[in-house]
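Each chain, letter by letter, is given below.
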Amino acid sequence: MDRCAMAYQYHKEGWNCAQSVAAACAGLAGRTPEEVLPLLGGFGGGLGGSHEEVCGAVSGGALILSLCFPFDKQGDQEAKRNIYRVTKEYRRRFFEVFGHTRCGDLLRAKPGVTDKNPASQRLGVTAHCDNMIVTAVELLEALIQEEREGGAA
C-alpha cells in the first residue's frame with residue numbers, strides 16, 4: 001500500500017490528521033508508526049480540535065521533516081536554517097494547493113479535489129480531512145525526495 005493510501009487508512013481507523021500523515025510517512029524518517037503516533041495526539045483538528053491553528057496534516061508533515069532533517073545539536077545554525085527552509089517550503093506547497101493552512105480556514109473554504117492533488121483523485125477521496133491528509137503526504141514525499149536528491153526547493 002502506498003503512503004497516501006496508508007494515511008487515508010489510518011484516518012479511517014480513527015487517528016487524527018497529524019497522526020495519520022506522520023504514521024504513514026514514519027519510514028521516510030527511519031521511524032515506525034508506533035514511535036510517532038503518540039507524539040501528535042494533541043495536534044489534530046488545528047491543535048486539540050480547536051480548529052484555530054495550523055491543519056493537523058501540516059503539523060504531522062512538519063514532524064516528519066524535523067526527523068528527516070534534524071536540528072538536534074545546540075548552536076547548529078545551519079541545521080536550524082535548513083529545517084526552517086524545508087518546513088516553510090512544505091507549508092508553501094500546501095498553501096498553493098488549498099489557499100490556506102489554518103484548520104478553521106480550510107473547513108470554511110471547503111477546498112475540493114482538483115488536478116493539484118492527484119493522489120486524492122486516484123484514491124477517490126472526497127471527505128475534507130481525508131483530502132488534506134492524502135495531499136499532505138503526497139507533497140511531503142515529493143519534497144523529501146527532492147531534498148535527498150540535492151534539489152533544494
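## Regarding the overall build of the protein
(1) Moving on: Counting secondary structure elements, the protein contains 8 helices and 0 strands.
(2) Moving on: Of the regular secondary structure in the protein, the N- to C-terminal order runs α-α-α-α-α-α-α-α.
(3) Moving on: The globule rule puts the C-alpha radius of gyration for 153 residues at 15 Å, and the 14 Å found for the protein is close to it.
(4) Moving on: With the C-alpha coordinates of the protein rotated into their principal frame, the extents come out at 45 × 30 × 30 Å.
(5) Moving on: Here the protein, with 153 residues, has 45% of them falling under the buried criterion.
(6) Moving on: Here the analysis covers contacts within the protein between residues at least 6 apart in sequence; of these, 58% occur between residues at least 24 apart.
(7) Moving on: Summed over all atoms, the accessible surface of the protein reaches about 7,700 Å², with 52% contributed by carbon and sulfur.

## Regarding helix α8 (residues 128–148)
(1) Moving on: Between its first and last C-alpha atoms α8 spans 30 Å; for 21 residues at 1.5 Å apiece the expected length is 30 Å, and the two agree.
(2) Moving on: The first or second residue beyond α8 is Gly-150, which carries a positive phi of 85 degrees.

## Thoughts on unusual backbone geometry
(1) Moving on: Even without a glycine there, the phi angle at Leu-47 is positive, about 85 degrees.
(2) Moving on: By the element assignment, Leu-47 lies in the loop between α3 (33–36) and α4 (56–68).
(3) Moving on: Even without glycine at this site, His-51 takes up a positive phi of about 65 degrees.
(4) Moving on: Topologically, His-51 is positioned in the loop between α3 and α4.

## Describing the packing of aromatic side chains
(1) Moving on: Applying the stated criterion across every chain yields a total of 1 aromatic pair.
(2) Moving on: Centre to centre, the rings of Phe-94 and Phe-98 are 4.9 Å apart; their planes meet at 55 degrees, and the pair counts as tilted. One end of the pair, Phe-94, and the other, Phe-98, are both in helix α5 (residues 77–98), 4 residues apart, so they sit about a helical turn from each other. This pair shows no difference in class: Phe-94 is buried, exactly as Phe-98 is.
(3) Moving on: The ring of Tyr-8 has Lys-12 lying over it, and the distance from NZ or CZ to the ring centre is 4.6 Å.

## Thoughts on the nonpolar core
The nonpolar side chains of a soluble globular protein tend to be buried, and buried together.
(1) Moving on: Among the nonpolar cores identified, the biggest contains 43 residues, and Ala-57, Leu-65, Tyr-90, Phe-94, Leu-140 and Ile-144 are the most heavily contacted of them.
(2) Moving on: Those elements that provide at least two residues to this core are α1 (3–12), α2 (17–25), α4, α5 and α8.
(3) Moving on: In terms of residue count, α8 provides more of this core than any other element does, 9 residues in total.
(4) Moving on: With sequence-adjacent residues up to four places away left out, Ile-144 is seen in contact with Leu-28, Ile-64, Leu-65, Cys-68 and Phe-69.

Each value, and the rule that gives it
- Residues numbered from 1 in each chain as written.
- Predicted model: local features only at pLDDT ≥ 70, side-chain atom pairs only at ≥ 80, totals over all residues.
- Heavy atoms only, no water.
- Helix = DSSP H or I, 4+ residues; strand = E, 2+ residues; numbered from the N terminus.
- Rg over C-alpha atoms; globule rule 2.2 N^0.38 Å.
- Buried < 20%, exposed > 50% of the residue type's maximum accessible area, 1.4 Å probe, protein only.
- Contact = heavy atoms within 4.5 Å.
- Areas by Shrake-Rupley, 256 points an atom, 1.4 Å probe, with all protein chains shown as cover.
- Expected span 1.5 Å × (residues − 1).
- Phe/Tyr/Trp six-rings, centres within 6.5 Å; stacked < 30°, edge-to-face > 60°.
- Lys NZ or Arg CZ within 6 Å of the ring centre and 35° of its normal.
- Core = buried A, V, L, I, M, F, W, Y, C linked by side-chain atoms within 4.5 Å.

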